[in-house]
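# Structural description and commentary
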Amino acid sequence: MRDFTRSLKYLWPYRLRIGLALLCTLGISVLWAGGLAAILPAAKVLMSSEGLHGWVYRLAASDRLGVDLVSYLPPERTQLQGQQLSWVVAVGQPHRSHRNAGALLPGQWVVGLEDGDVAHRFLRADALLRLLAMQQPDRRITLRVCRSDSDQITLLPVVTSTLTLSTQAMLWLTRRFPEPRTFADRFPILLTLLVFGIVISILRDALRILQEFLSSSAVWYAVNDIRNDNYNVALRLPVGYYAKHGTADAISRFTYDVGMLARGLITLLSKTLVEPAKALATLALALILSWKLTLIALIAGPPAFLAIRRLGRAMRRVSRQAMLSMSQMLEVLEETLGGIRVVKAYTMENRERRRFLRVNHQLLRQNLKVFFVEALTAPIVEALGITAAMAAVAVAGYWVLHNQHDLDAEKFLALMACLVAMFDPIRKLSSVSTVFHASDAAAARIRELHDAPQEVTSPGAPSLPRHRRSIEFRHVSFRYDGTSDDALRDVNLTIRAGENVAIVGPNGSGKTTLVSMLPRLLDPTTGQVLIDGTDIARCSLRSLRRQIGLVTQDAVLFHATIEENISYGLHRSQPDKTRRAAERAYVDEFIRKLPEGYGTLVGPHGATLSGGEKQRISIARAILRDPAILIFDEAMSQIDSDSEHRIQQAMQEFSRGRTTLIVAHRFATVLAAGRIVVMQAGRIQDSGTHDELMSRCELYRHLYATQFIATGG
Ligand SMILES: Nc1ncnc2c1ncn2[C@@H]1O[C@H](COP(=O)(O)OP(=O)(O)O)[C@@H](O)[C@H]1O
Ligand SMILES: [Mg+2]
């Protein structure tokens, strides 16, 4: 659960909301217990012969005399006068704190009372209890007492005590109602209690809404922050990360995994605060009613805890797999929808459908496992709980039937209600652990994103002055992660500032890899790249990249206007410069013909433009940047040779004073370069002018014959 706990720091800024939510939680649990506490008086009203008033008087009388009292009819064999009356019997141990402790003994019958001048020789239990309840504290009264097995009445002087606070409150509340004479008279009291229950539950629901709003808004704000953080991290990850893991995986971590984490946080703030509070409040009530029975019911705790822990671990495992499947599915989606033209053109729909079916089915299976584990939890806990509750019922039943432990039927009922009410929150809580484990797995995947090595943006690194002298590749080797061959092997190449170098070579010879070293999209595995004698690994990335204009084979356009796409990389728009750059890239004429000109919106990824148009726009973008170093990586592969020729001329003028590296296939472009570097299998085979290479380099001649001529150069 470490990762989940760590993600809690995102909640910290919203602690005020959470604090208020906690207050609401407290209120909810108090009201919850309050509602439950109303069950006992309701049961008294409805079921017991003594009724609510009788019960409260009995409690008060017990307080006054310091020993628990119940009323009974005397056994038939008693020879006592007035044996048709019910009498008060002391049960249980005397209240320890009471001053009469020891005076009235358990099992003694109180049959009458002498109170000052008034003497009640024999008094019915309910009347006697009422009289006792109404006594002032610290008064000297004399009880008439006997034992059930003798008819010997003795006088027992006692001093009355004060009532406990709760008894006082109950007495006060009860006396708001007229004492019912018949059972039918009790109905208004029952109604009042029910209305009380409704009011309490409405209040509780209102608090619940507030609590839920406060806590879930805190979570959504936190999730918002997590996403922002993730995005910052995603932007800082090196190109190699995406080459290895794909973008779909990161997207999945952004969406699905963050959603899972959010679920955990919401659960934490809603269920995990409210339910334990409710469970504890109920537990307190149950303990007050009968701590022994409550403890018996709690024996289910440890095995339930163990079960929950095991299930939590299982949950972590399966939900991690589910998230993996999710990212695989996104990967397939991204690939096939991104390449929908090829899929259709090659009528590969069926194969792609099968591929999708496979990953989707895998996701289904993983999700089913997740839900299975989730579904298992509550019933297991419930079964354990019910077993324990039944054990408590058995014991309680024994006590009720054997008149032990001051447990009457109503109290038993109220206690059972409490135990049932306690299981509800516990049952809800049992699934919490599994949710947390799923969340933890999600948080772990998000952390992996954060822990992946980022591009080093050492803040103190010196900035690289504008390039003026040279670029040098010194013993540069590079190997892609997860491959067994070097893509570059000990490349040494020095380029003077202002030089125009063409790089040629068969596919896969490492041309793209080599030029990617300059803006540090890739870093050499061994060796160094130096600009003006400074190792670029030691300079600030920003100052390095600001000097480089990069145009790649697949031009990258964003869903924005053409103007915005060209001036991408400038911090404010400069229409004049934009236009001039477009002219140089031979795209101005085309743009002007569009109905909305530079304001034309290109589709996502520039989908509404042709490959050549996109490339020319991205060349304009590079030109506008006014870079010291210009890199064209097959940037003109989709431009017709006529335009290329003209761009070539414009470029010659533009590249004056700039160092230019051009990876190209076309003869025209290659010829225009001052020097040509021939690469093969990650090595530099040879370099020189066209004529030199033609005379001495077999590979170059071969390339010239096959590529340059074949591509119409
Ligand atoms: N992301 C990658 N992961 C693993 N291998 C790669 C990756 N990109 C390129 N390669 C391999 O590195 C070698 C050089 O590739 P590249 O520089 O793109 O060649 P070129 O641009 O000359 O066609 C090739 O063998 C290619 O298969
Ligand atoms: Mg390439």
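Scoring rules and cut-offs
- Residues numbered from 1 in each chain as written.
- Chains lettered and ligands numbered in written order.
- Predicted model: local features only at pLDDT ≥ 70, side-chain atom pairs only at ≥ 80, totals over all residues.
- Helix = DSSP H or I, 4+ residues; strand = E, 2+ residues; numbered from the N terminus.
- Rg over C-alpha atoms; globule rule 2.2 N^0.38 Å.
- Buried ≥ 20, exposed ≤ 12 C-beta atoms within 10 Å, placed from the backbone.
- Near = placed C-beta within 6 Å.
- Nonpolar A, V, L, I, M, F, W, Y, C, P; charged D, E, K, R; others polar.
- Pairing = 2+ DSSP bridges.
- Axes fitted to C-alpha atoms, helices over the stretch in contact; angles between N-to-C directions.
- Contact = placed C-beta atoms within 7 Å.
- Core = buried A, V, L, I, M, F, W, Y, C linked by C-beta atoms within 7 Å.
- Domains from an automatic or database assignment.
- Expected span 1.5 Å × (residues − 1).
- Arc of directions from axis to C-beta.
- Left-handed = near helix turned anticlockwise from the far one by under 90°.

## What to know about the overall build of the protein
Counting secondary structure elements, the protein contains 25 helices and 16 strands. Against the compact-globule benchmark of 27 Å for 713 residues, the protein has a radius of gyration of 43 Å, which places it well outside the compact range. Along the three orthogonal principal directions, the C-alpha set of the protein runs to about 140 × 50 × 50 Å. When burial is assessed residue by residue, the protein has 37% of its 713 residues classed as buried.

## Side note on the site of ligand 1
Every residue lining ligand 1 is accounted for by A243, Y480, T483, A487, G505, N507, G508, S509, G510, K511, T512 and T513. Among the elements that take part in the shell around ligand 1, helix α16 (residues 511-516) stands out by supplying three residues, more than any other. A per-class count over the shell around ligand 1 returns three nonpolar, eight polar and one charged.

## Quick look at the sheet that holds strand β9 (residues 500-504)
Taken in spatial order, the six strands line up as β12-β13-β14-β9-β15-β16 in an open sheet, and their pairing is mixed. The open sheet terminates on both sides in strands that have one partner only, identified here as β12 (548-551) and β16 (683-688). Across this sheet, the average inter-strand angle for adjacent strands is 15 degrees, counted without regard to direction. Bridging between β9 and strand β14 (residues 659-663) involves four bridges; their strand directions are parallel. Each bridged residue has a counterpart across the sheet, and for A502 the counterpart in β14 is I662.

## Examining the environment of L530
With respect to the helices, strands and loops of the structure, L530 is situated in strand β10 (residues 526-531). Along the sequence, L530 and E472 sit 58 residues apart, while their C-alpha atoms lie 5.0 Å from each other. Ignoring sequence-local partners within four residues, the contact set of L530 consists of E472, R474, D535 and I536.

## Remarks on the nonpolar core
Among soluble globular proteins, nonpolar side chains are generally buried collectively. Ranked by size, the top nonpolar core spans 107 residues in total, and within it V88, L129, C418 and M422 carry the most contacts. The biggest single contributor to this core is helix α15 (residues 409-451), with 18 residues. Lining this core are residues from two domains, each supplying at least three of them: domain 1 (2-28 + 207-451) and domain 2 (39-190). V504, L557, F632 and I662 belong to the second largest nonpolar core, which has 68 residues in total.

## Concerning the domain arrangement of the protein
If you check the domain split of the protein, you get domain 1 (2-28 + 207-451), domain 2 (39-190) and domain 3 (499-509 + 541-710). Taking the mean C-alpha position of each, domain 2 and domain 3 sit 103 Å from one another.

## With respect to helix α22 (residues 641-654)
Taking 1.5 Å of rise per residue, the 14 residues of α22 would be expected to cover 20 Å, and the 19 Å separating its terminal C-alpha atoms lies within 8% of that figure. Structurally, α22 contributes buried residues whose contacts are with α21 (611-624) and α23 (667-672).

## Some details on unusual backbone geometry
Unusually for a residue other than glycine, D138 sits at a positive phi of about 60 degrees. Within the element layout of this structure, D138 appears in the loop between α5 (125-133) and β5 (140-147).

## With respect to the sheet that holds strand β7 (residues 470-478)
Spatially, β8-β7-β10-β11 is the arrangement adopted by the four strands of the open sheet, whose pairing is antiparallel. Unpaired on one side and paired on the other, β8 (488-496) and β11 (534-535) mark the two borders of the sheet. Here five bridges tie β7 to β10, and the two strands are oriented antiparallel to one another. Residue E472 lies in a different strand from β10, and its bridge partner there is L530.

## Some details on α5
Listed in full, the buried residues belonging to α5 are A125, L128, L129, L132 and A133. Projected down its long axis, α5 shows its buried positions confined to an angular sector of 135 degrees, all on one face. Turning to α5, the residues buried within the fold contact α4 (51-65), β1 (68-72), β2 (87-91), β3 (108-115) and α6 (165-174).

## Thoughts on the environment of P627
Position of P627 among the secondary structure elements: in the loop between α21 and β13 (629-633). In this structure, the C-alpha to C-alpha distance between P627 and D451, residues 176 residues apart in sequence, is 33 Å. If sequence neighbours within four positions are ignored, P627 has contacts with Q547, I548, G549, A622 and R658.

## With respect to the packing of helix α3 (residues 39-47) against α15
Closest axis-to-axis distance for the α3/α15 pair is 9 Å, and the angle between their directions is 140 degrees. Crossing geometry of α3 relative to α15 is assigned as right-handed. Seen from α3, the contacting residues are I39, L40, A43, K44 and M47; seen from α15, they are A409, E410, K411, L413, A414 and A417. For the contact of α3 with α15, the per-class residue count stands at eight nonpolar, no polar and three charged.

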